[in-house]
Amino acid sequence: MEQLKNYIGGKLIPSADGATLENFNPATGDAYSSLPDSDEIDVARAVDAAKNAFPAWSTTPTEERSRLLFRISQLIERDTEQFALAESTDQGKPLALAHSVDIPRAVSNFRFFASSLMHFASEAHPMEQAAINYTLRSPLGVAGCISPWNLPIYLFTWKIAPALAAGNCVVAKPSELTPMTAFMLSSLCIEAGLPPGVLNIVHGLGTKVGQAIVAHRDVPAISFTGGTATGRTIAQTAAPMFKKLSLEMGGKNPAIIFADCNYPEMLKTTVQSSFSNQGEICLCGSRIFVERSLYKQFKQDFIDAVKSLKVGDPLESGTNLGAVVSEAHREKIISYIALARDEGGTILFGGKKVNPGGRCSNGWFVEPTIIEGLPHTCRTNQEEIFGPVVTLTPFDREDEVLQDANSTQYGLAAILWTDNLTRAHRIAARIHSGIVWVNCWLLRDLRTPFGGMKNSGLGREGGLEALRFFTEPKNVCIKL
Ligand code: NDP
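Residues numbered from 1 in each chain as written. Predicted model: local features only at pLDDT ≥ 70, side-chain atom pairs only at ≥ 80, totals over all residues. Heavy atoms only, no water.

Some remarks on the site of the ligand
Thinking step 1. Taken together, 31 residues surround the ligand, and among them Ser147, Glu176, Thr230, Cys282 and Glu384 come closest.
Thinking step 2. At 2.5 Å, a side-chain N or O of Glu384 approaches an oxygen atom of the ligand.
Thinking step 3. Considered on its own, the ligand offers 900 Å² of accessible surface; in the complex 88% of this is hidden by protein.
Thinking step 4. Residue assignment for the shell around the ligand shows that the elements contributing at least two residues are α7 (206–215), β11 (221–225) and α8 (228–238).
Thinking step 5. Of the residues that constitute the shell around the ligand, the class distribution is 13 nonpolar, 14 polar and 4 charged.
Thinking step 6. If you count residues domain by domain, the shell around the ligand takes at least three from each of domain 1 (2–249 + 456–479) and domain 2 (253–445). (Near = heavy atom within 4 Å. Polar contact = N/O pair within 3.5 Å; in protein donor to acceptor, adjacent residues only side chain to side chain. Areas by Shrake-Rupley, 256 points an atom, 1.4 Å probe, with all protein chains shown as cover. Helix = DSSP H or I, 4+ residues; strand = E, 2+ residues; numbered from the N terminus. Nonpolar A, V, L, I, M, F, W, Y, C, P; charged D, E, K, R; others polar. Domains from an automatic or database assignment.)

Quick look at the structure:
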């Protein structure tokens, strides 16, 4: 069984006390590797290594930092096949998806920030003849980056790349459920010649390693993606130390479909926005609101389209939904489907565990599930399930659907389908979410601000927002 290691001070090492955790393949249910069960001692070592590396890294010429980040992106791209297979095996997602989305995006993340740091400029504010102000932006020191299991290397690199680009050193923790590609990244950083201690990756449990990173006095900034409850715990720990916080948290995103939309395009994309990555994307639209005049037709066509999705071995071509990430998560999803029934919902399709047979007989699979007949106020429609489960709700009026769409504690993303341009602008302005996709889904430009409002997020990632987060601005005012 392969033994994953921490990456601290440029070396691959076990946890200080040698403790390990098992790492499972969700498609087979088997433990297939082990990872360090690290604790605050490992985190303290990683922070020390990062602090030691900071003076040199933060003063390394921009061009050299950029070159190293480009090199890492090239190495990930070179190893796309191995990374895609590892991500699929570790997370349960279809290999084809890892190959077409997760790994290319990890490559782009490094490439994008390698390039952005070459163009990152700060402001000057001249006061006519009196004075000139200019802004200096310095790296913060050691940044803590904590990421979840749904898009493992995609989200891990989305944090690390801007932090390093801005001149910080990093102590990072991937989810203990999906550590493999972060481990592979450590080897590539060594190969790329990243100086020891600039990036440190500590594996283990959130409550031990994650908590120790957040609580460490010498880590002044935390960039976190994960659940809202965890974000709240992190904020409670970090607030008394006045740490900089970027929190990307849960969602319960509405997809609002008007009868005047491009129907075939909407139908195809709505299947994707509902069930891609087994519904385990924070941006999936899990509450589908359909204008009543279109509801009957949409319901039938949507069910037919979803019936044709194949749930099964992530490594087989043609598989649309792989395994969900863990047994515990599968039970959570199934319990929410039971709750939907208790709340009076009708399961139009799916609702059960799947046994694909063969090597996947003991894997953790769930049918794509469509539910109707629930009020927007019920728990099924208010709480994040984070699996292949959507609800359908008809609506009559724009103001009514806006109110229902805005009724949850979350405000991450919204999807809107209409060919009425005026309506699109009107709703986009009034919907409570940090991201609005009109007539599309998951179309991403890495320069745009990314994040949620309400309990979905604090701060924004992406482009200049990320580089600004990972730097401290200082205004210098010079009297002329
Ligand atoms: P969790 O909040 O459980 O975990 C996220 C990360 O935080 C993991 O690395 C976890 O470690 C770690 N962690 C857990 N407890 C603590 C703690 N007390 N202190 C510090 N770190 C801790 O989220 P999931 O991994 O279950 O991911 C799913 C959630 O992520 C969903 O709510 C989803 O919406 C959200 N998400 C949000 C996105 C966004 O952009 N807004 C994007 C993707 C996902 P470990 O796994 O080892 O416990």
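Now, onward.
So, the domain arrangement of the chain
Thinking step 1. Segmenting the chain into domains produces domain 1 (2–249 + 456–479) and domain 2 (253–445).
Thinking step 2. Its C-alpha centre places domain 1 at a distance of 30 Å from the equivalent point of domain 2.
Thinking step 3. Taken residue by residue, the interface counts 25 residues in domain 1 and 28 residues in domain 2.
Thinking step 4. Interface area for domain 1 against domain 2, summed over the two sides, is near 2,100 Å², with a carbon-plus-sulfur share of 59%.
Thinking step 5. Among the residues of domain 1 in contact with domain 2, Ala27, Trp149 and Ser456 are the three that bury the most area, contributing 24% of the side total.
Thinking step 6. For the pair domain 1 and domain 2, the number of links is 9 residue pairs in polar contact (both at pLDDT 80 or more).
Thinking step 7. Only β4 (20–25), α3 (80–91) and α4 (95–119) provide two or more residues apiece to the side of domain 1 that touches domain 2.
Thinking step 8. Each residue belonging to the side of domain 1 that touches domain 2 can be placed in one class, and the counts come to 12 nonpolar, 10 polar and 3 charged. (Contact = heavy atoms within 4.5 Å. Buried area = accessible area lost by both parts, 1.4 Å probe.)

Structural notes on the pattern of salt bridges
Thinking step 1. Following the criterion strictly, the structure yields 22 salt bridges and no others.
Thinking step 2. Across the salt bridge formed by Glu191 and Arg78, the nearest N and O atoms sit 2.7 Å from each other. Of the two residues, Glu191 is situated in helix α6 (residues 180–192) and Arg78 in helix α2 (residues 62–78); the sequence distance between them amounts to 113 residues.
Thinking step 3. Relative accessible area serves as the criterion here: at 42%, Glu191 is assigned to the partly exposed category.
Thinking step 4. The residue Arg379 makes a salt bridge to Glu383 at a minimum N-O spacing of 2.7 Å.
Thinking step 5. On the accessibility criterion, Glu383 (23% relative accessible area) is partly exposed.
Thinking step 6. When salt bridges that share partners are traced, they join Arg78, Asp79 and Glu191 into one network. (Salt bridge = Lys/Arg side-chain N within 4 Å of Asp/Glu carboxyl O. Buried < 20%, exposed > 50% of the residue type's maximum accessible area, 1.4 Å probe, protein only.)

Section: the nonpolar core
Thinking step 1. Counting residues in hydrophobic clusters, the biggest one holds 125 residues, and the most contacted among them are Leu199, Leu283, Phe298 and Phe302.
Thinking step 2. When residues of this core are assigned to their parent elements, the largest contribution, 10 residues, is made by helix α5 (residues 152–165).
Thinking step 3. In this structure, this core is formed jointly by two domains, domain 1 (2–249 + 456–479) and domain 2 (253–445), each of which donates at least three residues.
Thinking step 4. Non-local contacts of Phe298, meaning those with residues more than four positions away in its chain, are made with Ile257, Tyr263, Met266, Leu267, Thr270, Ile288, Val290 and Leu392.
Thinking step 5. Of all hydrophobic cores here, the second largest spans 14 residues; its members include Val324, Tyr336, Ile385 and Val389. (Core = buried A, V, L, I, M, F, W, Y, C linked by side-chain atoms within 4.5 Å.)

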